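Observations on the three-dimensional arrangement
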Amino acid sequence: MAGFFKKSLSGVKVPHNKNTMESATVDMPIPEQVTIPMLQHMGAPCEPLVKTGDHVKVGQLVGSSTQFMSAPIHASVSGDVTAIDEYINPAGIRTKCLVIKTDGLQEVDESIAPPIVNTREEFIEAIKNSGLVGLGGAGFPTAIKLNPKNPEKVDTLVINCAECEPYITADNRECMENAPAILNGIKTVMKYLNLKKPYIGIEDNKPKAIAHIKSQIIAGDPIEVVSLKSKYPQGAEKVLIYETTGRVVEEGMLPADAGVIVMNVSSVAFVDSYMKTGMPLIKKRLTVDGSAVKEPKNVRVAIGTTFEDVLNFCGGFKTEPKKVIMGGPMMGISVYTLKTPVIKNNNAILAFDEKDAVTPNETACIRCGSCVRACPFSLMPLEIERALKLEDGAKLEKLKVNLCMACGCCAFACPAHRDLVTTNNLAKKFLRNYSSKQAK
Ligand code: SF4
Ligand code: SF4
């Protein structure tokens, strides 16, 4: 039945290629210039709070929005704002961006101080002010996630450290290098949100991370580390909740309706750091890898550093790149320029040579059903493709294409190499228009 969440995860077995698993994070020096987009999260973009010619300091609030679904943006460097430009992100969305010429001094803004927090409301306000968004890639504003409509129903915190996308090892390094902050962050969230049980879900292809986190848990702490089978997409929210807690987030439900809040492991570690220092989210750890990269690494960079600068820090290219991706190979997005800046939810830069970037030719569907078997939600991409061609909105509704999370399992499993994710995205867009026309 389409849309029914399978209790045993389907998904696909992807090559891990976690080449940088043992690469300790290296701090990249501050570049000469950063570009800070006003949209680095899911939701409404921010408006710049500074103008060309202004001097800014590290941690200074430089962008905010009055919209509910948004997250403030802070300067990652000290220096002068040389321009407020238009920026077109890899998804084609136009927003404003600040260009800041760094002065190399990294002077910290005078307003930076640990937040004073005594209540749940003050905690959520502090997290909002920190600019934190889901660091695993989703970019959902964390303050909204921590403040569900039904807080009395929520008793469980699930920390997402599945990191199921190939190549990416940034969260693995968070576990290896920052375990005390992860555990403290969990305790802080539990305390202010009055949660009872925390789980940390880590795929079993990271045995060192599992052992290390376990070794840091003090006897008697309720934190449970769950070793997850390495299978993509273990890190998808609904899948992770089931695999760690056994709870099913049914269609139309939010995780909070199943009593759960999910946070990325780097996000929860950031909570600890912010509560202690008050320094908002201005840096990002990310994995740089792929067949075209000379020296794959895990690096921590100032937000707004361009891909070009990050790649140069990693030795440049060993061969001409054919494709450069922001994020992982399954859900990441190709960038059209190396001037693309690193944003908050950017956990990887992958650059591939011609051989690895080749897109196989599509052939006709042979109705093998592999796409349906691979889909964690039992969607039927082959039927969705057909309904879209026929412009049959009612059928697309019935096929529940709106549930598609663009995980790419169906396309990965398809022997005919059909671009099913793009088709699903187009079908979702078609259905949105169809539904709004129906509503009128
Ligand atoms: S996996 Fe590909 S070939 Fe097989 S049914 Fe699905 S779309 Fe058709
Ligand atoms: S991309 Fe959508 S249809 Fe394809 S497997 Fe993922 S959720 Fe299912």
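Provided above is the structure to which this section pertains.
The rules we used
- Residues numbered from 1 in each chain as written.
- Chains lettered and ligands numbered in written order.
- Predicted model: local features only at pLDDT ≥ 70, side-chain atom pairs only at ≥ 80, totals over all residues.
- Heavy atoms only, no water.
- Phe/Tyr/Trp six-rings, centres within 6.5 Å; stacked < 30°, edge-to-face > 60°.
- Helix = DSSP H or I, 4+ residues; strand = E, 2+ residues; numbered from the N terminus.
- Buried < 20%, exposed > 50% of the residue type's maximum accessible area, 1.4 Å probe, protein only.
- Pairing = 2+ DSSP bridges.
- Contact = heavy atoms within 4.5 Å.
- Polar contact = N/O pair within 3.5 Å; in protein donor to acceptor, adjacent residues only side chain to side chain.
- Salt bridge = Lys/Arg side-chain N within 4 Å of Asp/Glu carboxyl O.
- Near = heavy atom within 4 Å.
- Nonpolar A, V, L, I, M, F, W, Y, C, P; charged D, E, K, R; others polar.
- Expected span 1.5 Å × (residues − 1).

Another point: the packing of aromatic side chains. Counted according to the given criterion, the structure contains 3 aromatic pairs. Ring centres of F123 and Y192 lie 5.0 Å apart, and the angle between their planes is 20°; on these two criteria the pair is classed as stacked. With a gap of 69 residues between them, F123 in helix α1 (residues 120-130) and Y192 in helix α4 (residues 179-193) connect regions that are remote in the sequence. Overall, F123 belongs to the buried group, its relative accessible area being 0%. Accessibility expressed as a relative area gives 13% for Y192, which makes it buried. Seen in terms of ring centroids, Y167 and F352 are 5.3 Å apart; in terms of plane orientation they differ by 70°. Their pairing is edge-to-face. Of this pair, Y167 sits in the loop between β9 (156-161) and α3 (170-177) while F352 sits in strand β17 (residues 348-352), and the two are 185 residues apart along the sequence. We classify Y167 as buried; its relative accessible area is 11%.

Our next topic: the sheet that holds strand β6 (residues 73-74). What links the strands of a sheet is backbone hydrogen bonding, and the strands pair in either a parallel or an antiparallel sense. Reading across the sheet, the 3 strands line up as β3-β5-β6 and stay open at both edges, with antiparallel pairing between neighbours. Two strands bound the open sheet, and with one partner strand each, they are β3 (47-48) and β6. Bridge count for β3 against strand β5 (residues 61-64) is 2 bridges, and the pairing is antiparallel. The residue of β5 that forms the bridge with E47 is S64.

What follows is about the environment of Q106. Within the secondary structure, Q106 is located in the loop between β8 (94-102) and α1. Sequence separation of Q106 and V77 is 29 residues, and the distance between their C-alpha atoms is 5.7 Å. Ignoring any residue separated from it by four or fewer positions in sequence, one finds Q106 in contact with I30, V58, S76, V77 and S78. Here S76 takes part through its backbone oxygen, which lies 3.3 Å from a polar atom of the side chain of Q106.

A complete count under the given rule lists 23 salt bridges for this structure. The salt bridge involving D356 is made with K355; its shortest N-O contact spans 3.6 Å. Take K355: its relative accessible area is 65%, and that puts it in the exposed class. Between E385 and R418 there is a salt bridge; the shortest N-O distance is 3.0 Å. Taken together, the residues span a long stretch of sequence, with E385 in helix α11 (residues 381-389) and R418 in the loop between α13 (409-413) and α14 (420-439) at a distance of 33 residues. By relative accessible area, which is 11% here, E385 ends up buried. Judged by its relative accessible area of 13%, R418 falls in the buried class. Residues joined in a network through salt bridges with shared partners are R173, E174, E177 and R285.

So, on to the site of ligand 1. Around ligand 1, the neighbouring residues are C365, I366, R367, C368, G369, S370, C371, L382, C414, P415, A416 and R418. In terms of residue class, the shell around ligand 1 is made up of 8 nonpolar, 2 polar and 2 charged.

Within the open sheet, the 4 strands sit side by side as β2-β8-β7-β4. Their pairing is antiparallel. This sheet does not close on itself; its edge strands, each paired only once, are β2 (33-37) and β4 (55-56). Bridge count between β2 and β8: 5 bridges; the pairing is antiparallel. Counterpart to V34 in the pairing with β8 is I100.

Moving on: α4. Here α4 spans 21 Å end to end across 15 residues, near enough to the 21 Å set by a 1.5 Å rise per residue. Among the 15 residues of α4, 11 are classified as buried, and the element is accordingly described as predominantly covered. All buried positions along α4 are accounted for by A179, A181, I182, L183, G185, I186, T188, V189, M190, Y192 and L193. Looking one or two residues beyond α4, the residue adopting positive phi is N194, at roughly 55°.

Its place among the elements puts P29 in the loop between β1 (26-27) and β2. Overall, P29 belongs to the exposed group, its relative accessible area being 54%. Each C-alpha atom of the pair P29 and A411 lies 39 Å from the other, and the pair is 382 residues apart in sequence.

Take the pairing of strand β14 (residues 297-302) next. Within β14, 5 of the 6 residues are buried, leaving the element largely enclosed by the surrounding structure. In terms of strand pairing, β1 meets β14 through 2 bridges, oriented parallel. Residue pairing for β14: D27 is matched across the bridge by R300. Here strand β13 (residues 283-289) pairs with β14 via 6 bridges, running antiparallel. Within β14, the residue paired with L286 across the bridge is V299.

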